[in-house]
Amino acid sequence: MNKKLQYISQGQTSEEQLDNIRKALEGGCNWIQLRFKNAPELQLYTLAEYTKKLCDVNNATFIINDNVHLAKEIHADGVHLGLSDMKVEEARTILGYEKIIGGTANTIEDVLQRIEEKCDYIGLGPFQYTVTKENLSPVLGLEGYTSILNKLNTENIKIPIYAIGGITLENTENILKTGIHGIAVSGLITESKNPVQLINDLNKKLYATI
């Protein structure tokens, strides 16, 4: 799993969601997570179908937030599960082992739980305060990431971990120094006036060590 930049979709309507997803893809982001909480079922299905087509055309990974059955029905690349969502084992039974299953974590205990559950990647955060998500978990900051990654390294545990929550172009480099594999962003791309330049600059930092 060498992709290092994830875009988590935003928008109050399907049209806004699709516009923002298209903007991220055209800017060069090759991993999309569709997150459209509380959307009517048919509306979400239609949006997911359109997003799948866009991701296929752009050779991008397509992950659906939370909805395992929808991910299976439209042949998405996988699903991302929060700590209170469906259990990873159950999702794996539904999706099979060829699909990607990611999981949210906030603490070292969460991370170890996700590893035990055999997640393919972990979204660890929040890095700092963000208005994107309600009921925010305690922020980790650079110190939190460093502590967790050091513990994993000590145990020689390897799994792709993505930082999430309040990430900017300016703090990306310092986040990567903690040992984080990549970053997941939402508002940063959504609100950008020049997403092509932004995503290009992010990728330069993310892949600088390759």
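Everything below is about the structure shown above.
Nothing here was measured: the structure is a model prediction, and the numbers come from that model.

Reading guide: rules and limits
Residues numbered from 1 in each chain as written. Predicted model: local features only at pLDDT ≥ 70, side-chain atom pairs only at ≥ 80, totals over all residues. Heavy atoms only, no water. Helix = DSSP H or I, 4+ residues; strand = E, 2+ residues; numbered from the N terminus. Rg over C-alpha atoms; globule rule 2.2 N^0.38 Å. Buried < 20%, exposed > 50% of the residue type's maximum accessible area, 1.4 Å probe, protein only. Areas by Shrake-Rupley, 256 points an atom, 1.4 Å probe, with all protein chains shown as cover. Lys, Arg positive; Asp, Glu negative; His and termini not counted. Charge placed at Lys NZ, Arg CZ, Asp CG, Glu CD. Phe/Tyr/Trp six-rings, centres within 6.5 Å; stacked < 30°, edge-to-face > 60°. Lys NZ or Arg CZ within 6 Å of the ring centre and 35° of its normal.

Enquirer: Which parts of the structure should I look at to understand the overall build of the protein chain?
Expert: What the protein chain contains, in helices and strands, is 9 helices and 8 strands. At 16 Å, the protein chain has a C-alpha radius of gyration in line with the 17 Å of a compact globule built from 210 residues. Projecting the C-alpha coordinates of the protein chain onto the three principal axes gives extents of approximately 45 × 40 × 35 Å. In the protein chain, which comprises 210 residues, the proportion classed as buried is 51%. Only carbon and sulfur atoms are counted for the fraction: they give 49% of the accessible area of the protein chain, which is about 10800 Å². Computed over 21 positive and 26 negative side-chain charges, the inter-centroid distance for the protein chain is 5 Å.

Enquirer: Got a minute to help me understand the packing of aromatic side chains in this structure?
Expert: Each aromatic ring pair is characterised by the separation of its centres together with the angle its planes make. For the structure shown, the criterion picks out 4 aromatic pairs. Over the ring of Tyr50 we find Lys53; its NZ or CZ atom is 5.8 Å from the centre of that ring.

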